[in-house]
Amino acid sequence: DASVFRGVSVLLRRLGGSEIPVGAAVNVVIPGIKARAWSGFSGTFQVATLLGDDTLVEQDLGINGFQLLPGLLQDVSVEVSSIVSGEPVDVMVNMTLANTLPAVGELHVTFPAGYRDLEYVHVAAPAGLVGAISVIGLGYELGGATVLRLRHTSAVPTPADTHVSLVLSGVKNRFFSSRAELFSVTTLLADGTTLVDERRNLAVPSAPGGEGPGFGVVVDGSQVMVFDAADPREVVGVLDLGDLGTVTHGVSALDASGDTIYFIAGGALAAVSLSSPAVAHVPLRAPDALMGGFVSMEWDPARTRLVGLALLDGEMAVAALDVTLGNVSKLADLPACGTCECSPAQGVSALDAEAGVYYLASQVTLLGVSAGDGSLVSYTTVVHGNRPFNGFASLEFHAPGGGAGASLGLLGVALLGEDVELVKVDPVTGTLESIAYIFDADFSGQVFGGISALTPSGSHYMVLSHARLLAVDLATRVVSHYNPYASEVSEVSNSGGQWGFLEMSSFLPPDFSALPDSSSVVNASASAPPLDVSALDIRILHLEDSLPVRPGGAGSYFAVQVTGLDVFANDSLKVAPAGGCLATLPGGEATLLGADGAATVSFALALTTSHAPGAAQLCYRRAADASGAWREVMWGEARERLTFPLTMAAFQVAPLPVPVGLPVQLRLTGNIKTGDRFLIVLDDNSVNPLDLCVAASASAAAATDGTSDSSSILYPGTRVMAVVSVGALQLHAHAYGAWTEVTSDVLLAPGGGAPLRMCYSASGGPFTLMLGTGLDAAGGVVLEGSQMPVAGEGEPSSVTPQCAHAAVAA
């Protein structure tokens, strides 16, 4: 009877037995019942008793049900193809279904904040799913996570225990952080809300431990670079040290957490945090001695400080270094030997943290001193049979539980005549036990002293040889050669021989404390939220007064005025890289508006060559918006412009097209200092514009050493321009510091009418493209960009008013 019973009914017949009295408890077990394959409230149950002829005796049609939980997806993994910030990457998702996925259902992949362009990804299902799968929209969770919603349509359901693989291509990667982030994967019914299976809070990359993922950190010139330990060609620049000073070669240490790297630069102790990339530094202070720098140092986890070999009052001493204040405390003088051969080598040290022994090495000796008080623990001459020993290139301590089986103890790269070997060192007797040949007479080469590290798992010993990274597998004793970050994926040139240090670390566990109280999806829809706030009365004015944004004083200063009826106090404005509002430029963090209707907001961006030349945009967040989402906001009187240019330095030239054979004035502005260099480059389409400055730098170097030829791409008639000095009259003050303005006369020779571009090198760093402004003969702006037209032979050297107006319109 459909009016009485719902769903499946189970009829139980009682055979024999005595009469059951009123009020008696009856317990019946029905084994083998399988719950339905989706979550949610089960619905109410019904129970009835009947006589043998089906006459109804009594019933309860409203028995409370229970809450069904979603199944747990098995063998779930999420992998991102690259660690390079802002690059399009593939995200691989693998899982095994716990419950059947309906013929028409949804799969949701929740990305943490920072991943972009999810609405444009291409989806492929190489395994498990038969039928069509496509992106149907995005959802947004409290805390900033984005839910990518996929719909799968098939003729038949996908059974439980099916292994499913998804490849999501074209995702724009988050900015690098050493802290893993949390992903979630769920399967749902066709309504998009009823869960079938789930696996939440997946750490990506997986948390450290065992053979977990790792990365290397180096300083290359003034750039802090991070490369993937599994594929050193994958590299990302995370910081520019700016004017911090020269990094002391080979002197660095990684703290116990694996998040902070300490090193010496410009007479200061510098610390780079990797979970939220930033650099801090404090001056080295030795109150009772003349501080001459550090020769080597290691992190002492037992005392949470640095221990190292310092030069105090002209003598070597074992010293402790307070990482908070930069105070250097002498522990003990180093025993003097009287010869250069037994002076400790720079950057060659290791710490046995468990025993508290700090090892140092010279060309002939190995010393062990107490990390606590600096007292001498061991002192021995290194021997290796009858073979010549020329010292250690590096030392590392392989601790218990550090992979490759049991602890190997003290390891070093020994220089044995023409041979270079990785050896195990007995710190008491000084004898060496060979582990692997790195170079020998048949395969010659050299390694850089003081540049080495063990991988986080302890499985490999890493050393640097010219521009190659060598990894010695401590279990198999195989030596692998890598060309660090030499790949079309990276636009960073490889100059491994200039590395200041090398440290290896692994990704930190996610910050679970940052999880929102509720992970419910907000603002879920079949499309993204509005990409701008054009429907609101919010206007951004006077940005053009600061363009192009360039360094000056303490940062790249610019200011805007925010006005409109929909502008309210506690709304926020921030600066993001062009392309979306998920990321934030350094120095462009959220700034609260102080009043309703109108407010002035200023920023001081910490621009580096990784940001400029490039473009940025403004993002607006309304305090009244419950989603907390950042929205792109247009600027200008007509609210028609979204992005604006960033540059390390800007140039201005007049008139256009630039004449040849006649002097013209070039005006350079920015945070320009003595020693900065500029190049004028011929852009005849023979070189990719992104590679122009690298090629021009090579041309300039060739011209300097006299080997230049007709292939030079410097503009004919020009050479390297260097800033010799900056005077007070060339500085223009503003609220955050001052601009520098430099003018120079340029006389171009004929270049076939090819346009020009300009490249800028700050303090000996790499050359980068500059943005410029071209003026007409009357001083009006004709063109903005990095490329400027040059007149051909006999061509007029100024544009007509009609052309000027057309150029402005274009």
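Structure report, in brief. Each chain carries its own residue numbering, running from 1 in the written order of its sequence. Per-residue local features of the predicted model are confined to residues with pLDDT of at least 70, and side-chain atom pairs are confined, for both listing and counting, to 80 or more; whole-chain, interface and lining totals are unaffected and use all residues. Only hydrogens and water are set aside when side-chain values are computed; all heavy atoms of the structure are taken into account.

## Some words on the overall build of the chain
For the chain, the count of helices and strands is 2 helices and 57 strands. Throughout, exposure labels follow a simple rule: accessible area from a 1.4 Å probe, protein chains only, divided by the maximum for the residue type, with under 20% read as buried, over 50% as exposed, and the rest as partly exposed. Within the chain, the proportion of its 810 residues that are buried is 45%. By definition, residues are in contact when any of their heavy atoms lie within 4.5 Å. Contacts in the chain between residues at least 24 apart in sequence constitute 61% of all its contacts with a sequence separation of at least 6. Surface accessibility of the chain: about 37,100 Å² in total, with carbon and sulfur atoms responsible for 54%. For helices the rule is a DSSP run of H or I covering at least 4 residues; for strands it is a run of E covering at least 2, with both sets numbered from the N terminus onward. To be clear on the numbers: accessible area is Shrake-Rupley with a 1.4 Å probe, and residue cover counts the displayed protein chains and nothing else.

## Structural notes on the pattern of salt bridges
A side-chain nitrogen of Lys or Arg and a carboxyl oxygen of Asp or Glu constitute a salt bridge if their distance falls within 4 Å. Inspection of every chain in the model, using the stated rule, returns 13 salt bridges. Between arginine 303 and aspartate 300 there is a salt bridge, with its nearest N and O atoms 2.8 Å apart. Judged by relative accessible area, arginine 303 falls into the partly exposed class, the value being 36%. Linked through salt bridges whose partners overlap, the residues forming this network are Glu106, Arg149 and Arg151.

## Here we look at the sheet that holds strand β25 (residues 328-333)
Here a strand pair is declared whenever DSSP counts at least two bridges between the two strands. Across the sheet, 4 strands lie side by side as β22-β23-β24-β25; this open sheet has antiparallel pairing. Each of the sheet's edge strands pairs with one partner strand only, and the pair in question is β22 (291-300) and β25. The average undirected angle you get between the axes of adjacent strands in this sheet is 30°. Across 7 bridges, the pairing between β22 and strand β23 (residues 305-312) is antiparallel. Among the inter-strand pairings, serine 296 is bridged to a residue of β23, identified as leucine 309. Between N-to-C directions, angles cover 0 to 180 degrees, with each direction set by a line fitted to C-alpha atoms, over the stretch in contact for helices.

## Some words on the sheet that holds strand β7 (residues 88-96)
The sheet built from 4 strands is open, its strands ordered β6-β7-β12-β9 with antiparallel pairing. Two strands close off the open sheet at either side, each with one partner strand: β6 (74-80) and β9 (122-127). Between one strand axis and the next, the sheet turns by 15° as a mean value, whatever way the strands run.

## Quick word on empty space enclosed by the protein
Lining residues are those with an atom within 4 Å of a point, where the points come from a 1 Å grid over the protein atoms alone and group into cavities, where a 1.4 Å probe fits but cannot get out, or pockets, open sets with protein on both sides within 12 Å along at least five of seven lines. Grid points are joined across faces, edges and corners, and a volume is the space filled by probe spheres set on the points. Enumeration according to the criterion identifies 2 cavities of 30 Å³ or more in this entry. Size it by volume and the largest cavity reaches roughly 60 Å³. Of all the elements in the fold, those that place two or more residues in the lining of the largest cavity are β48 (649-653) and β49 (663-670). Polar here means any residue outside two lists: the nonpolar Ala, Val, Leu, Ile, Met, Phe, Trp, Tyr, Cys and Pro, and the charged Asp, Glu, Lys and Arg; Gly therefore counts as polar. When the residues that make up the lining of the largest cavity are grouped by side-chain class, the tally is 9 nonpolar, no polar and no charged.

## With respect to the pairing of β48
Among the 5 residues in β48, 4 count as buried, and that is most of the element. Here β48 runs beside β49; their pairing, made up of 5 bridges, is antiparallel. In the strand pairing of β49, glutamine 652 is matched with arginine 667. Relative to strand β56 (residues 771-775), β48 runs parallel, the two sharing 4 bridges.

## A closer look at the packing of aromatic side chains
Each aromatic ring pair is characterised by the separation of its centres together with the angle its planes make. Classification of ring pairs uses Phe, Tyr and Trp, with its six-membered ring standing for Trp, and accepts pairs whose centres are within 6.5 Å; under 30 degrees between planes counts as stacked, over 60 as edge-to-face, and the remaining range as tilted. Tallied over the entire structure, the rule returns 12 aromatic pairs. When the ring of tyrosine 262 is compared with that of tryptophan 299, the centres are 5.6 Å apart and the planes differ by 5°; the resulting orientation is stacked. Of the two residues, tyrosine 262 sits in strand β19 (residues 260-265) while tryptophan 299 sits in strand β22, which places them 37 residues apart along the sequence. Residue class for tyrosine 262 comes out buried when judged on its relative accessible area of 9%. With relative accessibility at 13%, the residue tryptophan 299 sits in the buried group.

## Some thoughts on the nonpolar core
We call a set of buried residues a nonpolar core when its members are Ala, Val, Leu, Ile, Met, Phe, Trp, Tyr or Cys and they connect through side-chain atoms within 4.5 Å of each other. Of all hydrophobic cores here, the largest spans 30 residues; its most connected members are Met95, Phe111, Leu166, Leu168 and Val171. Counting residues per element, the ones that place at least two in this core are β6, β7, β8 (104-111), β10 (132-141), β11 (146-153), β12 (163-172), β13 (181-189) and β14 (195-204). Beyond its immediate stretch of four places on either side in the chain, leucine 166 contacts Val91, Met92, Val93, Met95, Leu107, Ala124, Ala125, Pro126, Leu129, Ile133 and Leu150. Core analysis: the next-biggest nonpolar cluster, separate from the first, contains 27 residues, Val653, Leu682, Met758 and Met788 among them.

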